Every structure is written in C-alpha cells, then in structure tokens.
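A closer look at the structure
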Number of protein chains: 2
Amino acid sequence: MKRIADSTVRRLSVYLRYLEELTNRGLSTTSSDELAQHSGTTPAQVRKDLSFFGSFGRRGLGYSVAELATRIQDILGLGHEWRVVIIGAGKIGSALSTYRGFKQRGFTVVGVYDKDPLKSGKRWDGHVVRDVETLEADAAALMPDIAVLAIPAEGVQGEVDRIVRAGIKAILNFAPGRLHVPPGVTLKTVNMAMELEGLSFALTNRD
Amino acid sequence: MKRIADSTVRRLSVYLRYLEELTNRGLSTTSSDELAQHSGTTPAQVRKDLSFFGSFGRRGLGYSVAELATRIQDILGLGHEWRVVIIGAGKIGSALSTYRGFKQRGFTVVGVYDKDPLKSGKRWDGHVVRDVETLEADAAALMPDIAVLAIPAEGVQGEVDRIVRAGIKAILNFAPGRLHVPPGVTLKTVNMAMELEGLSFALTNRD
DNA sequence: CAGTGTGAAGCACTTCACAGCC
DNA sequence: GGCTGTGAAGTGCTTCACACTG
C-alpha cells in the first residue's frame, strides 16, 4: 500500500468520532462538506483522505454513516481488542486507563508495571502492580500489543529497550527526550512540555 | 516576523532540552551536527531553524551552549513566569502540575477549578479547588496567561467560551472533539485517543 | 443538480550544496 | 580545514477544479 501520511490517520480518527456522534443522533448519511465542517478541515481533504483507501461514497448522495464508520474502523484496526500494558503506575497511566474512550475503542489494560518496589503488589485501578523486571517473562502469557510508557525522564531508554525485548511493537511514550527503537517498532511520543512551550511561543510572538 | 512553522517551534524545544543537558555536563560548545544527532533531525534542519531568528553560531567553531540556550529561551518566551489555571481537578491536571519540568520552565499554577461542587473547597496538590463559575471574576486578580483544560468530553466548548471570556489567550486542551476559539486565542489539543488509534493503524498496516 | 473521486497545480517544509567566515 | 548561514532544488501534503455518476 502507498505510504499514508500521519496527518491523514489523525484526521480519520476525527472523522470517526463525528460519525459516531451522527450515529447517536440517528442520522444515516453525511457529506464531505459536513465532515469537513466538524473536523476542522476542507471537503477536498476529506475526499482525498478517504480516496487512499477506496471509494466509500455515492456521487450526488454522500456517504452512508454506518458504512463509512465501519470502513474507517477497519482502516484504523479498531475492529478488535488491543492488549495494553502500562509501565509506570502513576497519574498519567491512571488517567489514560480510566478514560472512557480507552476501553470503548477496544484498548484493554492487561498489566501494570512499576520500578518502585513500594508500588509492586499494590492495587491500582483494579490491577495489581508488578515489578517491571518481570515484564519480559510475563509477555509470553500476557501477549501485549501496546506499551504505555509513563515514567519520569531518567532511564527511559532502558525501559524502551526492555519493552522491545518483550516483543511489543508499539509504544505510547509520555516521557521527554529522544528515544531509539529498532525498525518494526512504532513509537509515538506525547510531550506536554513541548506543547506548553508552543503556547509560550504563541503568546510571546502574537501580533 | 515571517511565519514560523509549528514543527520548527517543537524542534527548538528539543534543542533547548539537549542544551540544558550539555550545560549540566559542563560542556561549552556544540555544533549543528551534534544537536541534530540528539534531536532526531539533520544538521541542515538545525541551522535552518535557527536562521529564522538570527545567526547564533560561529563559522568553523559551532555554537556557544550558554548563548544558544539563552537565545532559544528568549525565542520561546521562557524568560519569565507564565501563570496557569487548571480547569478540571482530575488526574491529568494533577500529573501536569506535579511534573518537575512544569515549574522548572516557568509555568506556575495559580488556580484550580472544577464544575463538581463536591470538589470545590477541597485541597488539590497544594491548591484549593474553586467553582469554575468564579473563573471570570477571579481572572482580574489572578491574571492567568494559560488555561489547561482537562475535563471530560461533555460541555468542553462551554468551558472554552468561559476561558475566552475570562481573557485568557492560550489553552492546552486534553478533551477530544473540535473546539472553536476566536482569533488571537491559541488552542493546542493533546488527544490521547488519537495517538492510540495511530498506533493501532501502524500495528494493523505494518509490512 | 448535488456531491464524489482524482489528476494537476499550489504551497510549505525539508534537504542540498556551496559561499563565507573563523 | 571546519562548520555556519542560506538561496535553490526537492519532496510531500493540501487545495483546486472538473469529469463523472446517482
């Protein structure tokens, strides 16, 4: 398949969310115009994004809400459950795992790990925290697909390496700093400091 | 000033973090090559990014770590304190406000608000939670620069409107969905669901 | 006639390559 | 000789515009 831009994938997420809203409101068709309006983009962009994957609409009529939602779910791989381990039994991981949309979209927490021996064995959002040293051994039974890395900055690369050794192919990272993963492993970093600094820049340089 | 790409600002953040590391290690000069290596980009990109704001290096020698760090801090507007209010006394806001780099880079929490009357008056990370209805009245005295919006999906736009009425010009939003702000107000959204779906797509469509 | 699908044009960010200075 | 600063070339995402179809 042709390489798909990251921005395209992000917009598909947004379209899907709006399609779910339309479903809840009992509406059965929509248009690229309407999707664009509610997703902060243009009708041409919506059509182009969808055209990478096929033709899901009908000329003169628009798109079937139900069909398009199913198609986008398939494209994004949301048709089945993804098994997630959380590394770092802190607030960020907890916020994520208790977030409604998390479970709702097929992401299931199958394990929680921490380096701190004081946290090991304690309950945390319905899970028992395990020592992160056991991750590689546990992985065979847990079969996790995704690791959420929510630990302080120190030693993040070491934890990334451990996750990779455990055979996990996707990482959502909340720690700052440059991290290296081998080819075949996808790493996405959410850097809140960077976002705040972007706001600082905007405030400083506004006209 | 010429319009600066968002991606440029984000990279400046990364360069600054590495410059701080060099400072801690007592090193006084660096090069575009070294900065690129540790920031996941190319030397040409580093030089181009910096060239938008001036010439901070010396040909044949490289950059002074101390000088470049100061320059980037100035560019990003990190030279002074930014006053932050947190809307939503939950886990995300708490994770952010207790994050070390937050205070360290000049972001200070000056108020915490929640819609839930059960939370009002309670202590939260050293602050007393106030009813969000009082935000507009409080703003005159608090003089907040930035609002962090960390509430569930329902009624987010209403809170954005309130923040705008309170005269705040920058919003860091953690709620999903499309939000509208008037010109002159900067909105940055961190959407964890979207990041997870990006991972799901990558796992589904890997070769 | 309304609205999709898509090649072509436009635009913006990145990379190249080299002149210029230390 | 080493490394920056920068116009020019390259690349890839976005927007346009229109043929096409229900």
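Not measured: the values here are computed from a predicted model. (Residues numbered from 1 in each chain as written. Chains lettered and ligands numbered in written order. Predicted model: local features only at pLDDT ≥ 70, side-chain atom pairs only at ≥ 80, totals over all residues. Heavy atoms only, no water.)

**Some remarks on the protein's contact with DNA strand C**
- Taken together, 24 residues surround DNA strand C, and among them S32, R47 and R59 of chain A together with R11 and R59 of chain B come closest.
- Take the atoms of DNA strand C that sit within 4 Å of the protein: sugar and phosphate atoms are 60% of them.
- In this structure, R59 of chain A approaches DNA strand C through a side-chain N or O atom, which is 3.0 Å from a sugar or linking oxygen.
- A distance of 2.9 Å is found between a phosphate oxygen of DNA strand C and a side-chain nitrogen or oxygen belonging to R11 of chain B.
- Elements with a contribution of two residues or more to the surface near DNA strand C: α3 (43–51), β2 (57–58) and β3 (62–64) of chain A together with α1 (6–24) and α3 (43–51) of chain B.
- Tallied by class, the residues present in the surface near DNA strand C amount to 6 nonpolar, 10 polar and 8 charged. (Near = heavy atom within 4 Å. Polar contact = N/O pair within 3.5 Å; in protein donor to acceptor, adjacent residues only side chain to side chain. Helix = DSSP H or I, 4+ residues; strand = E, 2+ residues; numbered from the N terminus. Nonpolar A, V, L, I, M, F, W, Y, C, P; charged D, E, K, R; others polar.)

**What about the sheet that holds strand β7 (residues 127–131) of chain A?**
Residue and element names in this part refer to chain A.
- Reading across from one edge, β6-β7-β5-β4-β8-β9-β10 is the order of the 7 strands in this open sheet, with mixed pairing throughout. Each of the sheet's edge strands pairs with one partner strand only, and the pair in question is β6 (123–124) and β10 (186–189).
- On top of the sheet, helix α8 (residues 156–165) reaches β4 (82–87), β8 (146–149) and β9 (170–173); it is set at about 170 degrees to β8, its chief contact. (Pairing = 2+ DSSP bridges. Contact = heavy atoms within 4.5 Å. Axes fitted to C-alpha atoms, helices over the stretch in contact; angles between N-to-C directions.)

**Some thoughts on the relation of the copies chain B and chain A**
- Overlaying chain B with chain A gives an RMSD of 0.0 Å, the required rotation being 180 degrees about an axis along which the chain moves by 0.0 Å. Both copies of the chain, as the preceding transformation shows, are related through a two-fold rotation axis.
- With an isologous cut-off of 70% or more, the 100% of interface residues of chain B that recur at the interface of chain A puts this contact in the isologous class. (Least-squares fit on C-alpha atoms with pLDDT ≥ 70 in both.)

**Observations regarding the environment of E195 of chain B**
Residue and element names in this part refer to chain B.
- Inspection of the secondary structure assignment puts E195 in helix α9 (residues 192–204).
- Note on E195: relative accessible area 10%, which makes it buried.
- With 132 residues separating them in the primary sequence, E195 and Y63 have C-alpha atoms 35 Å apart. (Buried < 20%, exposed > 50% of the residue type's maximum accessible area, 1.4 Å probe, protein only.)

**Points about the interface of chain B and chain A**
- The interface of chain B with chain A comprises 60 residues on the first partner and 60 residues on the second.
- Summed over both sides, the interface of chain B with chain A buries roughly 5200 Å², with 69% coming from carbon and sulfur.
- Counting the contacts that link chain B with chain A gives 8 salt bridges.
- A salt bridge links D125 of chain A to K91 of chain B; the shortest N-O distance between them is 4.0 Å.
- Remark: the boundary between chain B and chain A carries 20 residue pairs in polar contact (both at pLDDT 80 or more).
- Elements with a minimum of two residues in the side of chain B that touches chain A: α1, α4 (65–76), α5 (91–97), α6 (100–104), β9 (170–173), β10 (186–189) and α9 of chain B.
- Per-element accounting of the side of chain B that touches chain A gives the leading share, 13 residues, to α9 of chain B.
- Among the residues forming the side of chain B that touches chain A, the class breakdown is 31 nonpolar, 14 polar and 15 charged. (Buried area = accessible area lost by both parts, 1.4 Å probe. Salt bridge = Lys/Arg side-chain N within 4 Å of Asp/Glu carboxyl O.)

**Quick look at the domain arrangement of chain A**
- Structurally, chain A comprises domain 1 (6–75) and domain 2 (82–194).
- Inter-centroid distance (C-alpha atoms) of domain 1 of chain A to domain 2 of chain A is 32 Å. (Domains from an automatic or database assignment.)

**Things to note about the protein's contact with DNA strand D**
- Taken together, the neighbourhood of DNA strand D is formed by 24 residues, with R11 of chain A together with S32, R47, G57 and Y63 of chain B sitting nearest.
- Sugar and phosphate atoms constitute 62% of the interface atoms of DNA strand D, taking the interface as everything within 4 Å of the protein.
- For DNA strand D, a base nitrogen lies 2.7 Å from a polar atom in the side chain of R47 of chain B.
- G57 of chain B has a polar backbone atom sitting 2.9 Å from a phosphate oxygen of DNA strand D.
- If you list the elements that add at least two residues to the surface near DNA strand D, you get α1 (6–24) and α3 of chain A together with α3, β2 (57–58) and β3 (62–64) of chain B.
- With 4 residues, the single largest contributor to the surface near DNA strand D is α3 of chain A.
- When its residues are assigned to classes, the surface near DNA strand D shows 6 nonpolar, 10 polar and 8 charged.

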